[in-house]
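Chains, contacts and geometry: an overview
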Amino acid sequence: MYDVVIIGAGITGTMLARDLSRYKLKVALIDKENDIADGATMANSAIVHTGYDPEDGTLKALLNPEGARIYDTLLDDLGCRYRTAGAYIAACGPEEEAHLDVLADRADRRGIPYEWLTGDEARRNEPNLNDQVTKVLNFYTTKIIYPWEVAIACAEVAVGNGVELYLNSPCTGIDKTESGYTVHTPEHDFETKLIVNAAGVCADQINAMVGKPRFEMRPKKGEYFVIDNNVHYVDHIIFPVPSAKGKGVLAVPTVYGNTLIGPNSDYIASTTDTGSSFQGLDYVRTNIVRIMKNAPLNRSIRNFAGLRPSSSVSDFIIEEAADAPGFVNAASIESPGLASAPAVSKYIIENILRDKLEWTENPDAVMTRERPVVMAELSEEERAEMIRKNPLYGRIICRCEQISEGEIVDCIRRPCGAHTVKGVKKRVRPGMGRCQGGFCEPRVLAILARELNISPLDVVLDSKASRILCQENR
Ligand SMILES: Cc1cc2nc3c(=O)[nH]c(=O)nc-3n(C[C@H](O)[C@H](O)[C@H](O)COP(=O)(O)OP(=O)(O)OC[C@H]3O[C@@H](n4cnc5c(N)ncnc54)[C@H](O)[C@@H]3O)c2cc1C
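So, about the sheet that holds strand β3 (residues 47–48). What the three strands build is an open sheet, ordered β3-β8-β4; its pairing is antiparallel. For this open sheet the edge positions go to β3 and β4 (82–84), each flanked by a neighbour on one side alone. Where β4 meets strand β8 (residues 143–145), three bridges bridge the pair, whose relative direction is antiparallel. Each bridged residue has a counterpart across the sheet, and for Tyr 82 the counterpart in β8 is Ile 145.

The side-chain alternation of strand β11 (residues 181–184) yields one buried face, formed by Tyr 181 and Val 183, and one unburied face, formed by Thr 182 and His 184. Joining the antiparallel neighbours strand β10 (residues 173–176) and β11 is a turn of four residues. Taken together, the four bridges between β11 and strand β12 (residues 189–197) define a ladder with antiparallel strand orientation. Bridging from a neighbouring strand, His 184 pairs with Asp 189 of β12.

Before going further, it helps to examine the site of the ligand. By nearness alone, 41 residues border the ligand, and Gly 10, Gly 39, Gly 200, Gly 222 and Gly 337 come closest of all. Here the residues of the shell around the ligand are counted per class, giving 21 nonpolar, 14 polar and six charged.

We note that the domain assignment places domain 1 (1–81 + 145–216 + 309–371), domain 2 (87–140 + 218–303) and domain 3 (375–458) within the chain. Here domain 1 and domain 3 have C-alpha centroids that lie 30 Å from each other. Take the side of domain 1 that touches domain 3: its biggest share by element is six residues, from helix α5 (residues 147–160). Classifying every residue of the side of domain 1 that touches domain 3 gives six nonpolar, two polar and two charged.

Rules used throughout
- Residues numbered from 1 in each chain as written.
- Predicted model: local features only at pLDDT ≥ 70, side-chain atom pairs only at ≥ 80, totals over all residues.
- Pairing = 2+ DSSP bridges.
- Helix = DSSP H or I, 4+ residues; strand = E, 2+ residues; numbered from the N terminus.
- Buried ≥ 20, exposed ≤ 12 C-beta atoms within 10 Å, placed from the backbone.
- Near = placed C-beta within 6 Å.
- Nonpolar A, V, L, I, M, F, W, Y, C, P; charged D, E, K, R; others polar.
- Domains from an automatic or database assignment.

Here it is as structure tokens:
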């Protein structure tokens, strides 16, 4: 009998799995996909918002500032990459400046630091800021992260402490039992006392398996341009003043030196359509000019889209279902879900699960993760020493991002290691550069086949069905 089954291994589910793994609890984390963090956690702006934006009185307003504060130490504990880039909210004219006052007032009440800049002061730091920008609110503690790296790190810690991870395990049904629930997946049935539904855009389907529909997921697509990392465009995250449609089209530096330009925000009927569209990208193209000039869209190396797990409720839904005791929704986790995740997990444990389980600390639990080797971050001497110990660190597989075979092998052999080409790309980045895998992908495929001891024909790009090679040639 499991104590908790978590459905969904995005940032919400993995963060909770890590926090539960501190205790002597039997926990399963299940996901329908072939890797951790393949949903919204994979495709977003990667910003740890400080928490000035959510409306007063919402769960978002409660959990976003706290989540951001927890990240201050958590990212180092998990050995994850981040940069404190700072976020400029750029106002054009008196009407928008008045809205900055609202944000500053919220920030004051929530203890979030900021500074005011005139348009000219901001342009001195960010020369590509538009000439129409008159005033800027700088939330200088705002961080950028690699969101799926954080989810993978949480899963590694959780699994290291005994949480069981089941990939390729879509929850297909849930039955009520005397002592809890049975969660059905094609290959396993999980008897459990409690369920946490962290299924992102599919959370309403999971909720409907146990009780009355309480909310409807309404995925909102956001599309981006990824600008080559040899173009220096911005140092800070640059936002327009937020509107009813969301945070608007932004320019965001990434921790690896690219710039993201986007996203749009369009409701779509599908929970799986992450394709880019002409209309979506055109919206980004025409709206970035509100606050930025010289947008280097001609240096885009890729487009991508993510689906926000938005719903009929305009706030996070984090509660035990009234008609299904022991079934907890962590649903409608749209932005700032990434920034709030550590606090969402804490809230679920403290406010919902606390009275339902026995909380004995596991003395052997290790809550931190050692940072994987990143050769590009080391000094020449350190690199030479690594290569002396293991020559695979000297064999560059990805020319664009300078990633060695040693780093790829490490990410395959780690707990919750990569077993797909995209899994390797997510963990150590071959294929993220200018050639988008044109040169390195066949070599990554060969390394995966060797390390997993499978035929190259059985190596997949991402899902179990996404084989890359169809037959041997002569
Ligand atoms: C365009 C865009 C920009 C964003 N920018 C930011 C930002 O800058 N900062 C920020 O804080 N937030 C941002 N967000 C929001 C953030 O990405 C989400 O709030 C967060 O990733 C939600 O995580 P999650 O784990 O709840 O959902 P997901 O990451 O979607 O995870 C849900 C998981 O459930 C699994 N699942 C679904 N159905 C089943 C089933 N039947 N059985 C088993 N598993 C199932 C899925 O495979 C998936 O892995 C953005 C989102 C988007 C789309």
